[in-house]
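What the coordinates show
Residue strings, one per chain:
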Amino acid sequence: MLAIRPNCEHCNKDLPNTSTEAMICSFECTYCKACAIEVFKNVCPSCTGNFVERPIRPSILIKKYPAATKRIFKPKDLEKTKVNSEEFKGILPEKR
Ligand SMILES: [Zn+2]
Ligand SMILES: [Zn+2]
């Protein structure tokens, strides 16, 4: 089950369950769309995997299975992530 983290790890933007801007990698590193696509070029700065849109948990189930509340805010070193992005952005996720 996804934790559904409450914010973007890089810019700290709120990403509630109902947000359509939340992007996650396979480890559920969570970023807003602007950071995931424009800043990191669809290369997760932690694991080099790709991002997909986080699904929205239906309202009736979010009560029973609530979203995480613990914020993870660890802005990335853009010099380092740029090297990462440049190396991996041209490689299809299934080939990384
Ligand atoms: Zn962000
Ligand atoms: Zn990741």
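Residues numbered from 1 in each chain as written. Chains lettered and ligands numbered in written order. Predicted model: local features only at pLDDT ≥ 70, side-chain atom pairs only at ≥ 80, totals over all residues.

To continue, consider the overall build of the chain. Of the regular secondary structure elements, the chain holds 3 helices and 3 strands. The helix and strand sequence of the chain, counted from the amino end, reads β-β-α-β-α-α. On the principal axes, the C-alpha backbone points of the chain span a range of 40 × 25 × 15 Å. Burial analysis of the chain (96 residues in total) assigns 25% to the buried set. Long-range contacts, defined as pairs at least 24 residues apart, comprise 58% of the intrachain contacts of the chain with a sequence gap of at least 6. (Helix = DSSP H or I, 4+ residues; strand = E, 2+ residues; numbered from the N terminus. Buried ≥ 20, exposed ≤ 12 C-beta atoms within 10 Å, placed from the backbone. Contact = placed C-beta atoms within 7 Å.)

Bringing the environment of Leu78 into the picture now. The residue Leu78 is located in helix H3 (residues 78-88) in this model. In sequence terms Leu78 and Phe40 are 38 residues apart; their C-alpha atoms lie 8.7 Å from each other.

Moving on to the sheet that holds strand S3 (residues 52-53). Judged by pairing direction, the sheet is antiparallel, and its 3 strands sit side by side in the order S2-S1-S3 without closing on themselves. Strands at the two margins of the open sheet, each flanked by one partner only, are strand S2 (30-32) and S3. Pairing analysis gives 2 bridges linking strand S1 (residues 22-24) to S3, with the strands arranged antiparallel. Directly across from Ile24, in S3, lies its bridge partner Val52. (Pairing = 2+ DSSP bridges.)

Next up on the list: unusual backbone geometry. A positive phi is found at Ile4, a non-glycine position, where the angle reads about 60°. As for its position among the elements, Ile4 is in the segment before S1. In this model, Lys41 sits at a positive phi of 55°, which is unusual for a non-glycine residue. Residue position: Lys41 is located in the loop between helix H1 (33-39) and S3. On the basis of neighbour counts, which here come to 16 C-beta atoms within 10 Å, the residue Lys41 falls in the partly exposed class.

Just distances and angles here, no functional claims.
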